[in-house]
Amino acid sequence: MSLPKPVMRGLLAKRLKFHLPIAFGVAITTALMYKFAVTEPRKKAYANFYKNYDAVKEFKAMREAGIFESVRPAGK
Amino acid sequence: MLASRALSLIGKRAISASVCVRGAHGVAKVEDYTLHPYFDRRETPLPEVAYVQQLTAEQKSLKEKEKGSWAALSNEEKLALYRISFKDSFAEMNQGSEEWKTVVGGILFFLGFTGLIVLWQRKYVYGPVPHTFDPLYKEQELQRMLDMRINPVEGFSAKWDYENKQWKK
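Reading the values: rules and limits
- Residues numbered from 1 in each chain as written.
- Chains lettered and ligands numbered in written order.
- Predicted model: local features only at pLDDT ≥ 70, side-chain atom pairs only at ≥ 80, totals over all residues.
- Heavy atoms only, no water.
- Helix = DSSP H or I, 4+ residues; strand = E, 2+ residues; numbered from the N terminus.
- Buried < 20%, exposed > 50% of the residue type's maximum accessible area, 1.4 Å probe, protein only.
- Contact = heavy atoms within 4.5 Å.
- Areas by Shrake-Rupley, 256 points an atom, 1.4 Å probe, with all protein chains shown as cover.
- Buried area = accessible area lost by both parts, 1.4 Å probe.
- Salt bridge = Lys/Arg side-chain N within 4 Å of Asp/Glu carboxyl O.
- Polar contact = N/O pair within 3.5 Å; in protein donor to acceptor, adjacent residues only side chain to side chain.
- Nonpolar A, V, L, I, M, F, W, Y, C, P; charged D, E, K, R; others polar.
- Patch = residues over 30% accessible without salt bridge, like charges linked within 9 Å, V, L, I, M, F, W, Y side chains within 5 Å.
- Axes fitted to C-alpha atoms, helices over the stretch in contact; angles between N-to-C directions.
- Parallel < 35°, antiparallel > 145°, perpendicular 65-115°, else oblique.

Caption draft 1: Spotlight on the overall build of chain B. Tallying secondary structure elements over chain B gives 6 helices and 4 strands in all. In chain B, which comprises 169 residues, the share counted as buried stands at 9%. Across chain B, contacts joining residues at least 24 apart in sequence account for 30% of those joining residues at least 6 apart. When the accessible surface of chain B is summed, it comes to about 14,400 Å², and 61% of that surface belongs to carbon and sulfur atoms.

Put into structure tokens, the structure is as follows:
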């Protein structure tokens, strides 16, 4: 019947010492992975798209397809 | 005062067994469900009442002994005192069971049953879909989306090859 006295104090501190670094690590890793897997490729895709983008040419093509209501296709 | 006068008018025989008149007050019988219940919970380790309410003579004498020095109690007596106050030990109350398997099985079974109901409903209850689901209509929709250059950077129109009029490989 003589058990050792259980730990009574410092329980939260012990748990935090273990779990806080893990929590921060997971959060930062997730953020970094998102940055390099999603946002950087997206920025590159937009940069490439607009590098040789001719707005007038695209507009003419769309106009010929007949999707605008303010401009008819050329020759009507 | 009024209650006792009113009751003496009606007659002592009319007083129900559950009402006892003492002086000027009427005292109602204490119902079982109004008392604190006993339960084993990890969150509330000390319930309001002891587990065993009616003590045997042996247990009563043990309780008397408890009033003295606890060092004089043997280990069996300490255990007996514990079992008077509590039903399960923490180890006993915290042990897991296999109930979760039944629960998960029931969930999956009823999900499957719901799926059958939904299938039946789709066949026998719902009417036809709108004309906008016709294949020809869908083709025209698709062409219009490409003409409008929907999502030309990363999404829809980005995958269409406008020069060769086909999907990009």
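Caption draft 2: Local environment of the environment of B:Met145. All names here are of chain B. Relative to the assigned elements, Met 145 resides in helix H6 (residues 135–147). Looking at Met 145, the relative accessible area reads 30%, which means it is partly exposed. Considered as a pair, Met 145 and Ser 157 are 12 residues apart in the sequence and their alpha carbons are 7.9 Å apart. Residues contacting Met 145, with those up to four places away along its chain left out, are Ile 150, Phe 156 and Ser 157.

Caption draft 3: Local environment of the interface of chain A and chain B. With 11 residues of chain A at the interface, the matching set in chain B holds 9 residues. Contact between chain A and chain B buries roughly 970 Å² in total, counting both sides, with carbon and sulfur atoms accounting for 63%. At the junction of chain A and chain B, the tally comes to 2 salt bridges. Between B:Arg149 and A:Glu58 there is a salt bridge; the shortest N-O distance is 2.9 Å. Along the contact surface separating chain A from chain B lie 2 residue pairs in polar contact (both at pLDDT 80 or more). When contributions to the side of chain A that touches chain B are tallied by element, the ones reaching two or more residues are helix H1 (11–51) and helix H2 (55–65) of chain A. For the side of chain A that touches chain B, a count of residues per class yields 9 nonpolar, no polar and 2 charged.

Caption draft 4: Fine view of the side chain of A:Glu58. Residue position: A:Glu58 is located in helix H2. One polar contact links A:Glu58 to B:Arg149, side chain to side chain, over a distance of 2.9 Å. Not counting residues within four places of it along the chain, the set of residues in contact with A:Glu58 comprises A:Tyr53 and B:Arg149.

Caption draft 5: Region of interest: a nonpolar patch on the surface. There is a patch of nonpolar side chains on the surface, built from A:Leu12, A:Leu16, A:Leu20, A:Phe24, A:Ile28, A:Leu32 and A:Phe36 and spanning about 710 Å² of accessible area. On the basis of relative accessibility, which here comes to 57%, the residue A:Leu12 falls in the exposed class.

Caption draft 6: Focus on the packing of helix H2 (residues 57–66) of chain B against helix H3 (residues 75–85) of chain B. All names here are of chain B. Here H2 crosses H3 at 110 degrees, and the two axes come no closer than 11 Å. Taken together, the axes of H2 and H3 are roughly perpendicular relative to one another. Packed against H2, whose contacting residues are Gln 59, Leu 62, Lys 63, Lys 65 and Glu 66, the element H3 presents Glu 77, Ala 80, Leu 81, Ile 84 and Ser 85 at the interface. Among the residues making up the contact of H2 with H3, the classes are represented as 4 nonpolar, 2 polar and 4 charged.

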